[in-house]
Each structure stands twice: as C-alpha cells, then as structure tokens.
Amino acid sequence: MTLSPVMTRPAWPTDRRITIRDLHAATDRGEKWSMLTSYDTQTAGLMERAGVRAILVGDTSGMTVLGHTDTIAVTMDQLIPMVQAVVRGTETALIVADLLFGSYQAGPKQALANAVRHLKEGGAQAVKLEGGGRIRKQVRSLVDAGIPVMGHLGLTPQSVHVLGGVRRVQGRGEAGEQLLEDALALEAAGAFAIVLESVPAELGQRVTKELRIPTVGIGAGPHCDAQIMVWQDLAGLTPGRLPKFVKKYADLDKVLGEAFARYSSDVADGRYPDDDHSYL
C-alpha cells in the first residue's frame, strides 16, 4: 500500500525578510496573515517573535507617540527615525512605512522622492499611501521604480478634515461601488495589497473576492486576506471609546498604571531601592 505524503504548511522564512511574494503565496494557499503597527525597536521585535508577518510604521504615531489629535501633523523627518528603529528590531517581518499627508499628493515626483527616503534612509521594504483612482499615477511611478506599494481605502485618517473628524463606516450604498472601482484601479496600477478600513463586512468580502492581490482588513470583516490593528488599541492602552472592530487582547493601561504606582509609592516610602537592589 502506498502512503500519501504528509502535507505540511509551507514555513515562513526565518533567515531573510518576508517579501510580497511570500505574502501573496500565503494568500493564494488560503493562509491568513497578521499585521500590526509599531514605532519602536522593542515592540517590533516582540511582534515578529509572536508571528506577526508585516509591520506598519504608520502615521498613527502622530497620536500614539507624538500626542497630536490626528495624523496630519506628522512629518517625514519625524517618521523616518521610527522606521529605522522598527527595522533594527526585526529580522524577518516585512516593514511598510506610511507616506504622510503632504508627502505624495502633489504628484508622482513628490511621491517618489519621499518613498525613496523611506527605503534608503529608513530601511523599509514597502510604502503605504491613501487614496484610490486619483493617486494611480503616484502608485504606478513608485512601482515602476521598484518600490512595493500598499494602498489604503475606506476610512483614510489623512482625510480627517473631509470626513469632519468623525469615524464613519465608509462604502455603504453606492459608495461601495466607488470603493471597489478604486481598489481595482490601485491593483491595476501595481499595488501589492490594499488596506480596507471601517467598511461593511459584505463590502470587504466583495472587494477581497474581486481582487487578485491581498486585502488587509481593519474593521472590514472576517473575509479579508489579512488583518491589521494599531497595537496600542489591542493592548488596552488607547483611552476613550474605541471603534467596534477593536478587540482588546490585554489591559496594559491597568497593568502599567499599577506598576508605576507601586514604584512611586516604594520610592516615597523608602522601600526602593533596598539591599537586594543596591550594590553592597
């Protein structure tokens, strides 16, 4: 009797960076993959060791790191050191860097100059930018220059002023047709994946089915090929009301708050440092 060979899941690379081909191969075989935001060496390393395949150094750093009320104020000079830190803290994860508000809207020449900075200065392997058909020329120019591009549709944080500063679900009704058209335009321009943010699950499923490239959901339902979250959201560090799609996997606000309070109390009461934590 001839035994059937044991089928094993292809391993992700351990001796090199994950490439867009690796991500596409995983999607083609039906394996979903995870992505998170990071802005520093330590969290990026933790994510990679936990099995996160791609890391976005995003403009959300404007709020989570720099203390702004939105993503608009972040500059390339501020983001690039964060890209460098994430690259240094990882060995295999694909690192994607955001093209910021004002860094690509003027046209392909501006987009190319700033994308090159992310790769040459930051060390990223790909860039992400927001928008649909209106930025197809920018996407094409980057792809033609050999720079992998991830698109971003739905709720696009850099359009906060157009959206009135309110988080709304995007792509309902006829707007869904426009979103699908934009997704197809990005794919035709050469994007290797598209983030879908805050869209109805049914639309997320439809776009995923129509595209040959992976979709990366953040509030776009369970049918996307991959998922991304802001790490502070899932860790319980983001204050205030969070979007419906956020699942809290930890309560670090409580854990760290208690640790800082114990430390402060120990110092005030003279319990720290004690003999066990002093050089004798």
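Since this is a predicted model, take the numbers as computed values, not measurements. (Residues numbered from 1 in each chain as written. Predicted model: local features only at pLDDT ≥ 70, side-chain atom pairs only at ≥ 80, totals over all residues. Heavy atoms only, no water.)

## Overview of the overall build of the protein
So the rule is basically this: Segments assigned H or I by DSSP are reported as helices when at least four residues long, segments assigned E as strands when at least two residues long, and all are numbered from the N terminus. Each radius of gyration reported is based on C-alpha atoms, and the globular scaling rule is 2.2 Å times the count of residues to the power 0.38. For every residue, the accessible area obtained with a 1.4 Å probe (protein chains only) is divided by the maximum for its type, and the residue is called buried under 20%, exposed over 50%, and partly exposed between those limits.
In terms of regular secondary structure, the protein is built from 10 helices and 8 strands. Expected size for 280 residues packed as a compact globule is a radius of gyration near 19 Å; at 21 Å, the protein falls within 12% of this value. Reported as C-alpha extents along the three principal axes, the dimensions of the protein are approximately 70 × 65 × 40 Å. Every one of the 280 residues in the protein was classed for burial, and the buried ones make up 48%.

## Points about the nonpolar core
So the rule is basically this: Buried residues of nine kinds, namely Ala, Val, Leu, Ile, Met, Phe, Trp, Tyr and Cys, make up a nonpolar core once their side-chain atoms join them within 4.5 Å. The contact definition used throughout considers only heavy atoms, calling two residues in contact when any of these lie within 4.5 Å.
Core analysis: the largest hydrophobic core is formed by 27 residues, its most contacted members being Val139, Leu142, Ile194, Leu196 and Val207. When residues of this core are traced back to their parent elements, those giving at least two are helix H5 (108-122), strand E4 (126-130), helix H6 (136-144), strand E5 (149-154), helix H7 (175-189), strand E6 (193-197) and helix H8 (201-210). In terms of residues, this core owes the most to one element, H7, which gives 5 residues. Beyond its immediate sequence surroundings of up to four residues, Val139 is in contact with Leu129, Val149, Leu186, Ala189, Gly190 and Ala191.

## Some thoughts on H5
Going by this rule: Given a helix with a known number of residues, its expected span is that number minus one, times 1.5 Å. Here, the arc refers to the directions that run from the helix axis to the C-beta atoms.
With 15 residues, H5 should cover 21 Å at 1.5 Å per step; its first-to-last C-alpha distance of 20 Å lies within 8% of that length. Buried within H5 we find Ala111, Asn114, Ala115, His118 and Gly122. On an axial view of H5, the arc spanned by its buried residues comes to 100 degrees, and they lie on one face. When the buried face of H5 is taken as reference, the exposed residues oriented beyond 90 degrees from it are Lys109 and Lys120. Buried-residue contacts for H5 involve helix H4 (76-88), strand E3 (94-98), E4 and H6. Gly123 sits one or two residues past H5 and shows a positive phi near 90 degrees.

## Some words on the pattern of salt bridges
For the record, the criterion: A pair is scored as a salt bridge if a Lys or Arg side-chain nitrogen falls within 4 Å of a carboxyl oxygen belonging to Asp or Glu.
Considering all chains together, one arrives at 10 salt bridges under this definition. One salt bridge connects Asp22 with Arg16, and the closest N-O pair in it is separated by 2.7 Å. Here Asp22 falls in the buried class, since its relative accessible area comes to 16%. Look at Arg16 and you get partly exposed, because its relative accessible area is 37%. In this structure, Arg212 and Glu187 form a salt bridge, with 3.7 Å as the shortest nitrogen-oxygen distance. With Arg212 in the loop between H8 and strand E7 (215-218) and Glu187 in helix H7, this pair connects stretches of sequence that are 25 residues apart.

## A short note on helix H10 (residues 252-269)
Taking 1.5 Å as the rise per residue, H10 with 18 residues should run 26 Å; its terminal C-alpha atoms sit 25 Å apart, in good agreement. Directly beyond the C-terminal end of H10, a positive phi value near 80 degrees is found at Gly270.

## Considerations on the confidence of the model for the protein
What counts is decided by this rule: Think of pLDDT as the predictor's per-residue confidence, scored from 0 to 100.
Residues of the protein with pLDDT of at least 70 account for 91%, and the chain-wide mean is 93. Across residues 1-7, where pLDDT falls below 50, the model places 0 contacts with residues more than four positions away in sequence or in other chains. Confidence drops under a pLDDT of 50 for residues 161-166, and excluding neighbours within four residues, the segment shows 6 contacts in the predicted structure.

## Description of the sheet that holds E4
Put simply, the rule reads: At least two DSSP bridges between two strands are required for those strands to pair. With axes taken as lines fitted to C-alpha atoms, and helix axes fitted only over the stretch in contact, angles between N-to-C directions fall between 0 and 180 degrees.
Around the barrel, 8 strands lie side by side as E1-E2-E3-E4-E5-E6-E7-E8; this closed barrel has parallel pairing. Along the sheet, successive strands turn relative to each other by an average axial angle of 25 degrees, direction set aside. Judged from the 5 bridges that link them, E5 and E6 form a sheet pairing that is parallel. When the sheet's bridge partners are listed, Met150 is paired in E6 with Ala193. Docked against the sheet, H7 engages E5 and E6, running at close to 175 degrees with respect to E5.

## Considering the side chain of Glu48
Condition: We score Asp and Glu as negative and Lys and Arg as positive, and we do not count His or the chain ends. What qualifies as a polar contact is a pair of N or O atoms within 3.5 Å, subject to a donor-acceptor requirement within protein and to the restriction that residues adjacent in sequence count only when both atoms come from side chains.
Secondary-structure assignment places Glu48 in helix H2 (residues 41-49). Although Glu48 lies buried, it forms no salt bridge, and the closest oppositely charged side chain, Arg17, sits 4.5 Å away as judged by the N-O distance. Within the structure, Glu48 has its side chain in polar contact with the backbone nitrogen of Glu91 (distance 2.8 Å). Here Ala93 takes part through its backbone nitrogen, which lies 2.8 Å from a polar atom of the side chain of Glu48. Not counting residues within four places of it along the chain, the set of residues in contact with Glu48 comprises Arg17, Thr90, Glu91, Thr92 and Ala93.

## A short note on the environment of His68
Turning to its location among the elements, His68 is positioned in the loop between helix H3 (61-64) and H4. C-alpha of His68 to C-alpha of Pro148: the two residues are 80 residues apart in sequence and 29 Å apart in space. Not counting residues up to four positions away in its chain, the partners in contact with His68 are Gly62, Met63 and Ala73.

## Quick look at the pairing of E5
How we decide: Looking down the strands as they point away from the viewer, one classifies a crossover as right-handed if the path from the first strand across the helix to the second runs clockwise.
A large share of E5 lies buried, amounting to 6 of its 6 residues. Summarising the sheet, E4 and E5 pair through 4 bridges and their orientation is parallel. Among the inter-strand pairings, Lys128 is bridged to a residue of E5, identified as Met150. For the segment spanning E4, H6 and E5, crossover handedness is right-handed.

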